[in-house]
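So the chains spell out like this:
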Amino acid sequence: MQTTQIDQIKKRLMELDSAAISDAMDSLHIPAGLAGIMPRSNVGIKMAGPAFTVRYEPIIPEQGKFLNAGNYIDEVPAGYVIVVDNQGRTDCTSWGNILTFKAVQKGIAGSVIYGSARDLSEVRRLEYPLFTTGVYMVSGKNRAKVAATQCTLDIGGVVISPGDWIFADDNGALAIPQQYLLTVIERAENVDKTEQAIIEAITNGEDLVNAREKLGYAVPWKTVQ
């Protein structure tokens, strides 16, 4: 996908929220939400971009031998979201301050970690979008290593392939399969319009039941009349 396309898609997604996108994906019967992955950045931060995937595996350290957790970040293009599968581990981290500084320097859109991160004060100071399962201070060095990059991941039943899109905000993170991306965006935009129309109607005194029925709350992904 070209940079111009990525920028155009990101612009549309950043005008939405994860709730509208989730409803759009429900209408297509596609699992999307990455359960248990929480925002760790400042309130109000959103992120969107194609996925650069990383899979970690546990290791048993050898005495006297240092094993780095991973240097994959040099491969990640600007504008992408790093998605790390560290098997949801909470006993060691796979993200910290050095990776954060490098990600900011490279213009990476953000990170989703199925596992733990540390150095949150620096993450928040740099306003870097970070979403993780846990927070812990213990390093992944000598405990985990990168097994593969740009591979298909399965996080809680949600399959993420390289190039699928990731969106995250204060509600959490979700994944959008690349082949459904434009359909999901269009439906999510309609969900947002439907909900705004309902809010406007009840603000003007309409009963909620009537407003929902008249404005299509049961199928909000359809075009608002």
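Residues numbered from 1 in each chain as written. Predicted model: local features only at pLDDT ≥ 70, side-chain atom pairs only at ≥ 80, totals over all residues. Heavy atoms only, no water.

- The name an unreviewed UniProt entry assigns to the protein chain is Putative 4-hydroxy-4-methyl-2-oxoglutarate aldolase, from the organism Photorhabdus laumondii subsp. laumondii.

1. So, the pairing of strand β3 (residues 81-93)
Next, step 1: For β3, a buried count of ten out of 13 residues is recorded, marking the element as mostly surrounded by other parts of the structure.
Next, step 2: Here strand β2 (residues 47-58) pairs with β3 via five bridges, running parallel. Residue pairing across strands places phenylalanine 52 opposite isoleucine 82, the latter belonging to β3.
Next, step 3: In terms of strand pairing, β3 meets strand β4 (residues 110-117) through seven bridges, oriented parallel. Bridge pairing in β4 links arginine 89 to glycine 115.
Next, step 4: Viewed along the sheet, the connection from β3 through helix α3 (residues 97-106) into β4 turns out right-handed. (Buried < 20%, exposed > 50% of the residue type's maximum accessible area, 1.4 Å probe, protein only. Helix = DSSP H or I, 4+ residues; strand = E, 2+ residues; numbered from the N terminus. Pairing = 2+ DSSP bridges. Right-handed = clockwise from strand over helix to strand, strands pointing away.)

2. What about the UniProt feature "binding site: Mg(2+)" (unreviewed entry) in the protein chain?
Next, step 1: In this numbering, the UniProt entry assigns the feature "binding site: Mg(2+)" (unreviewed entry) to Asp119.
Next, step 2: Checked against the element boundaries, aspartate 119 lands in the loop between β4 and α4 (120-125).
Next, step 3: Residue aspartate 119 is classed as partly exposed on the basis of its relative accessible area of 25%. (UniProt positions renumbered as here; feature names shortened; annotations may be inferred.)

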